[in-house]
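Understanding the architecture of this molecule
The primary structure of each chain is shown beneath.
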Amino acid sequence: MGVNVSIRRMVARRPWIYWCVVAMIFAAALLSARSWAQRVEHERESWGDVVDVLVATADIEPGAPFDGSVARFAYPAALVPVGAVAADDPDVASAISRQRLAPGEVITELDRAAADAPNALIQPGWLAAAVREAVPTGVDVGDRVVVTTEGIVLADDAIVVQSDGDIVLVATPERFAPAIAAAMANGDVALLVKP
């Protein structure tokens, strides 16, 4: 007679053994779940205080308003980036985005601007210069571009802050702006669109 048959007969004659085993398995599972919950709570407490911040809930394009595209989320203070916009900030409803934001990104002061574009898209320490494109590239507000003239790179990092036909207003770090203005006055300027 096999061991399995002997065990089944013993359990059939004494059902309390079966229920004791079930109770022990249930107790072990309960203790395991409680231990896991305590570890989760301990990890949560180790992060410190929780802060309410605004997080993008959809793709936000440069120049687009935040209204309806952000939501309040509680983040551990240790994970909140420097300059994060407080969830109760009243100016967010009328603000626009300075750059592309993906869902889940925490909104910071560098990401938002007052809604008086195109100046709103010009980052601190940057200047904007008007460029007339000889061959229009079809750039849109928020596109990253390289500004060139006669094969020379004038600015390797610029952002389109306004586009009106063949006239494009590009913002760039202020050290590049005078060269762009001089090149525009003296000849053709071309924009190379960055991926």
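See the structure shown above.
Here's a quick rundown of the structure. Quick caveat: nothing in here was measured; it's all calculated off a predicted structure.

1. Brief notes about the overall build of the protein chain
A tally of helices and strands in the protein chain yields three helices and nine strands. Sequence-ordered secondary structure for the protein chain, helices as α and strands as β, is α-α-β-β-β-β-β-β-β-β-α-β. Taken against the 2.2 N^0.38 rule, which gives 16 Å for 195 residues, the C-alpha radius of gyration of the protein chain at 30 Å runs more than 25% over that of a compact globule. By residue count, 30% of the 195 residues in the protein chain fall in the buried class. For the protein chain, restricting intrachain contacts to residue pairs at least 6 apart in sequence, the fraction spanning at least 24 positions comes to 59%. Split by element, the accessible area of the protein chain, about 12100 Å² in all, is 59% carbon and sulfur. Between the averaged position of the 15 positive side-chain charges in the protein chain and that of its 25 negative side-chain charges there is a distance of 24 Å.

2. With respect to a nonpolar patch on the surface
A grouping of Tyr18, Trp19 and Val22 is seen on the molecular surface, where their side chains present a nonpolar patch of about 330 Å² in accessible area. Residue placement: tyrosine 18 occurs in helix 2 (residues 15–46).

3. With respect to helix 2
A rise of 1.5 Å per residue sets the reference length of helix 2, with its 32 residues, at 46 Å; its end C-alpha atoms lie 47 Å apart and thus fit the reference within 8%. Of the residues one or two after helix 2, glycine 48 is the one with positive phi, at around 95 degrees.

4. Details of the nonpolar core
Counting residues in hydrophobic clusters, the biggest one holds 16 residues, and the most contacted among them are Val145, Val147, Val170, Ile180 and Leu191. Counting residues per element, the ones that place at least two in this core are strand 5 (126–132), strand 6 (144–149), strand 7 (152–164), strand 8 (167–173) and helix 3 (177–186). Once residues lying within four places of it in the same chain are set aside, the contact partners of isoleucine 180 are Ala129, Val131, Val147, Leu154, Ala155, Thr172 and Val189.

5. Quick look at the pairing of strand 7
Here strand 6 pairs with strand 7 via five bridges, running antiparallel. For valine 147, the partnering residue across the bridge sits in strand 7 and is alanine 155. Adjacent in sequence and paired antiparallel, strand 6 and strand 7 are bridged by two residues, among which glutamate 150 carries a positive phi angle near 50 degrees. The sheet contact formed by strand 7 and strand 8 spans five bridges and is antiparallel. Across the sheet, residue aspartate 164 finds its bridge partner in strand 8, namely isoleucine 167. The antiparallel pairing of strand 7 with strand 8 creates a hairpin that spans two residues between the two strands, and glycine 165 there sits at a positive phi of about 70 degrees.

6. Details of the environment of arginine 13
With respect to the helices and strands, arginine 13 occurs in helix 1 (residues 3–13). In sequence terms arginine 13 and tryptophan 36 are 23 residues apart; their C-alpha atoms lie 37 Å from each other.

7. Regarding the pattern of salt bridges
A side chain of one charge can pair with a side chain of the opposite charge when the charged atoms of the two come close. Taken as a whole and assessed by the stated rule, the structure comprises five salt bridges. Across the salt bridge formed by aspartate 52 and arginine 72, the nearest N and O atoms sit 3.6 Å from each other. Residue aspartate 52 is located in strand 1 (residues 50–56), and its partner arginine 72 is located in strand 2 (residues 70–76); the two are separated by 20 residues in the primary sequence. Using a relative accessible area of 36% as the deciding quantity, one classes aspartate 52 as partly exposed. The salt bridge involving arginine 100 is made with glutamate 61; its shortest N-O contact spans 3.0 Å. With arginine 100 in the loop between strand 3 (95–97) and strand 4 (112–114) and glutamate 61 in the loop between strand 1 and strand 2, the pair connects residues that are 39 residues apart, well separated along the chain. Using a relative accessible area of 45% as the deciding quantity, one classes arginine 100 as partly exposed. Within this structure, Glu61, Arg100 and Asp143 form a network of salt bridges that share partners.

Procedures and definitions
- The residue count restarts for each chain, going from 1 along the sequence in the order it is written.
- Under the rules for a predicted model, residues below a pLDDT of 70 receive no local features and side-chain atom pairs below 80 are neither given nor counted, while totals for whole chains, interfaces and linings still include all residues.
- To get the side-chain values, take all heavy atoms of the structure and skip hydrogens and water.
- Helix and strand assignments come from DSSP, with helices taken as H or I runs of at least 4 residues and strands as E runs of at least 2, each series counted from the N terminus.
- Each radius of gyration reported is based on C-alpha atoms, and the globular scaling rule is 2.2 Å times the count of residues to the power 0.38.
- Burial classification: accessible surface area is computed with a 1.4 Å probe over protein chains only, and a residue below 20% of its type maximum counts as buried, one above 50% as exposed, and the rest as partly exposed.
- Only heavy atoms matter for contacts: two residues are in contact if any of them lie within 4.5 Å across the pair.
- A 1.4 Å probe and the Shrake-Rupley method give the accessible areas. Residues count as covered only by the protein chains that appear here.
- As used throughout, the charge tally considers Lys and Arg to be positive and Asp and Glu to be negative, leaving His and the chain termini uncounted.
- Think of each charge as sitting on NZ of Lys, CZ of Arg, CG of Asp or CD of Glu.
- Nonpolar side chains (Val, Leu, Ile, Met, Phe, Trp, Tyr) within 5 Å and like charges within 9 Å form the patches, drawn only from residues with over 30% relative accessible area and no salt bridge.
- One speaks of a salt bridge when a side-chain nitrogen belonging to Lys or Arg is within 4 Å of a carboxyl oxygen belonging to Asp or Glu.
- By definition here, a helix of n residues has an expected span of 1.5 Å times n minus one.
- Here, the term nonpolar core denotes a set of buried Ala, Val, Leu, Ile, Met, Phe, Trp, Tyr and Cys residues that are joined through side-chain atoms within 4.5 Å.
- Note on pairing: two strands pair once DSSP finds at least 2 bridges between them.

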